[in-house]
Amino acid sequence: MTQINYASVAAAAQTINGVALRTPVLTSRQANEQTGAQVHFKCENFQRVGAFKFRGAYNALSRFTDQHKRAGAVAFSSGNHAQAVALAAQLLGMPSVIVMPADSVPGKLAATRAYGAEVILYDRFNEDREAIARRAVAERGATLVPPFDHADVIAGQGTVAKELFEETGALDYLFVCVGGGGLIAGCALAAAELSPACKIIGVEPQAGNDAQLSLRSGAIVRIPVPQTIADGAQTSAVGQLTFQIMQRLVADIVTVTDDQLRAQMRFFAERMKIVVEPTGCLAAAAVMNRIIDLRGKRVGVVVSGGNVDLAQLGS
Ligand SMILES: *Cc1c(COP(=O)(O)O)cnc(C)c1O
């Protein structure tokens, strides 16, 4: 079993120091009034590439051997992980190959190329992106960087919670969105050291509650790709490594609806003047809809990212 613990998160914090941004922690009087709690929002929508994924990607690529650095990194993703790997590779002077769907939003393709990545397009309906990525790995001797189920990625994501606790002190609850579980696993490792009594609550879209089913049944449950506006949480199963950590350190997983996510995007825009993507709203929506009674509690909320196109935000 891969050794991963708080020391891995602390080491990641040193690695990303001065490269990743130390994002702000915001509060809102309205959020406090509505919940009866003291709510602290850790705003990774302000992170480089617009999401926490830069932390894990940069930490993972930094730990490549020199030989692996020369051959470069490979990732398959249409989302934030792709751009995070591309930018981390550029900053570390490594080549990168990103396998993306041919029908990706043109802006995302352009952004990924602008970070210096070689983009390989594939047909989402007829081609297997993992096979294409494996070929790129085999041909170049490059290293595949998975989006969540990797010790260095998890450790990097854990620096989100480390920074939050350093700023707020101990908390009663920490709410974190769950896709494949890299973010929540890393944050839970940080909490176990820095705020051991803090209950870690995962939040998923109602349409895709595979992590909730997995945690409650004690084995990884796989579901069809869920239909939800929370595209960063459209995973069909959590990872092996992330699940082991979640089983040990996550208290429960709750769900919110797409309508609650839309209302939360509006709250962030109107009240807090910040742009948050649907997946980034998951944790906040669970808190604001009082799925758990938080009166009198000190509560942390991870706002995971802000990459949403303006037309979608407007609608
Ligand atoms: C990837 C991502 C998630 C999910 O993270 P996991 O580590 O897969 O659980 C949540 N929000 C945003 C914005 C993301 O990019």
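Look above for the structure.
In what follows, the accompanying structure is described. Per chain, the residues get numbers from 1 upward, laid out in the order the sequence is written. Under the rules for a predicted model, residues below a pLDDT of 70 receive no local features and side-chain atom pairs below 80 are neither given nor counted, while totals for whole chains, interfaces and linings still include all residues. To get the side-chain values, take all heavy atoms of the structure and skip hydrogens and water.

## Points about the overall build of the protein
Right, so step 1: Per the convention used, a helix needs a DSSP run of H or I reaching at least four residues, while a strand needs a run of E reaching at least two, with both numbered from the N terminus. Each helix and strand in the protein was counted, giving 14 helices and ten strands.
Right, so step 2: Between the two quantities, the radius of gyration covers C-alpha atoms and the globule rule is 2.2 Å times the number of residues to the power 0.38. For 315 residues, the compact-globule formula gives about 20 Å, and the C-alpha radius of gyration of the protein, at 18 Å, lands near that figure.
Right, so step 3: Over its C-alpha atoms, taken along the principal directions, the protein stretches across nearly 55 × 45 × 40 Å.
Right, so step 4: Type-normalised accessible area, obtained with a 1.4 Å probe on protein chains alone, sets the label of each residue: buried when under 20%, exposed when over 50%, and partly exposed for intermediate values. Put simply, the protein has 315 residues, and 56% of those count as buried.
Right, so step 5: Any two residues having at least one pair of non-hydrogen atoms within 4.5 Å are treated as being in contact. Within the protein, contacts between residues at least 6 apart in sequence are counted, and of these 72% link residues at least 24 apart.
Right, so step 6: Split by element, the accessible area of the protein, about 13,200 Å² in all, is 48% carbon and sulfur.
Right, so step 7: Charge counting treats Lys and Arg as positive and Asp and Glu as negative, with His and both chain ends excluded. Where a charge lies is defined by one atom per residue type: Lys uses NZ, Arg uses CZ, Asp uses CG and Glu uses CD. Taken as two groups, the 29 positive and 27 negative side-chain charges of the protein have centres that lie 4 Å from each other. We get accessible surface area from the Shrake-Rupley algorithm with a probe of 1.4 Å; when it comes to residues, only the shown protein chains can shield them.

## What about unusual backbone geometry?
Right, so step 1: Phi at Val49 is positive, roughly 60°, even though this residue is not glycine.
Right, so step 2: In this fold, Val49 is placed in the loop between β2 (38-43) and α3 (53-62).
Right, so step 3: Classification of Val49 as buried rests on a relative accessible area of 11%.
Right, so step 4: The residue Lys273 is not glycine, and still its phi comes out positive at about 60°.
Right, so step 5: Among the secondary structure elements, Lys273 is positioned in the loop between α12 (258-271) and α13 (282-288).

## Quick word on the layout of surface pockets
Right, so step 1: Buriedness for pockets is judged along seven lines, at least five of which must meet protein on both sides within 12 Å for an open set on the 1 Å grid over protein atoms alone, while cavities are sets there where a 1.4 Å probe fits but cannot get out, and lining residues have an atom within 4 Å of a point. Grid points are joined across faces, edges and corners, and a volume is the space filled by probe spheres set on the points. Of the volumes computed, that of the second largest pocket is approximately 230 Å³.
Right, so step 2: Contributing to the lining of the second largest pocket are Ile229, Arg262, Met265, Arg266, Ala269, Pro278, Gln312, Leu313, Gly314 and Ser315.
Right, so step 3: Secondary-structure elements contributing two or more residues to the lining of the second largest pocket are α12 and α14 (310-314).
Right, so step 4: Residue polarity is assigned by list, with Asp, Glu, Lys and Arg as charged and Ala, Val, Leu, Ile, Met, Phe, Trp, Tyr, Cys and Pro as nonpolar; anything else, Gly included, falls into the polar class. Residue composition of the lining of the second largest pocket, by class: five nonpolar, three polar and two charged.

## Looking at the sheet that holds strand β3 (residues 73-76)
Right, so step 1: The four strands are arranged β5-β4-β3-β6 in an open sheet whose pairing can be described as parallel. The strands lining the two open edges of the sheet, one partner per strand, are β5 (118-122) and β6 (143-144).
Right, so step 2: For two strands to be treated as a pair, DSSP must find at least two bridges joining them. As paired strands, β3 and β6 are joined by two bridges and run parallel to one another. Paired with Ala73 across the strands is Thr143, a residue of β6.

## As for the site of the ligand
Right, so step 1: Near residues are defined by distance, with any heavy atom within 4 Å of the molecule or strand qualifying the residue. Surveying the vicinity of the ligand reveals 16 residues, the closest of which are Lys53, Asn80, Gly179, Gly180 and Ser304.
Right, so step 2: Gly182 is positioned such that a nitrogen or oxygen atom in its backbone is 2.9 Å from an oxygen atom of the ligand.
Right, so step 3: Each polar contact in these results corresponds to two N or O atoms within 3.5 Å; when the atoms are within protein, one needs to be able to donate a hydrogen and the other to accept it, and residues that are neighboring in sequence are counted only if both atoms are side-chain atoms. Here a nitrogen atom of the ligand and a side-chain polar atom of Ser304 are 2.7 Å apart.
Right, so step 4: Relative to its unbound accessible area of 390 Å², the ligand is 97% covered by the protein chains.
Right, so step 5: A per-class count over the shell around the ligand returns five nonpolar, nine polar and two charged.

## Remarks on the pattern of salt bridges
It is possible for side chains bearing opposite charge to pair when their charged atoms get close.
Right, so step 1: Salt bridges are defined as contacts in which a side-chain nitrogen from Lys or Arg sits within 4 Å of a carboxyl oxygen from Asp or Glu. Within this structure, the stated rule accounts for twelve salt bridges.
Right, so step 2: Note that Arg124 is salt-bridged to Asp103, the shortest N-O span being 3.0 Å. With a gap of 21 residues between them, Arg124 in the loop between β5 and α7 (129-140) and Asp103 in the loop between β4 (96-101) and α6 (106-114) connect regions that are remote in the sequence.
Right, so step 3: Here the salt bridges do not stand alone but share partners, grouping Lys42, Glu44, Arg55 and Glu163 into one network.

## Here we look at the pairing of β5
Consecutive side chains of a regular strand alternate in pointing toward one face of the sheet and then the other.
Right, so step 1: Sheet topology note: the β4/β5 ladder contains five bridges and is parallel. Across the sheet, Pro101 pairs through a bridge with Tyr122, a residue of β5.
Right, so step 2: When the strands point away from the viewer, a crossover counts as right-handed if the path from the first strand over the helix to the second runs clockwise. Once the chain exits β4 it traverses α6 before rejoining the sheet at β5, and the crossover so formed is right-handed.

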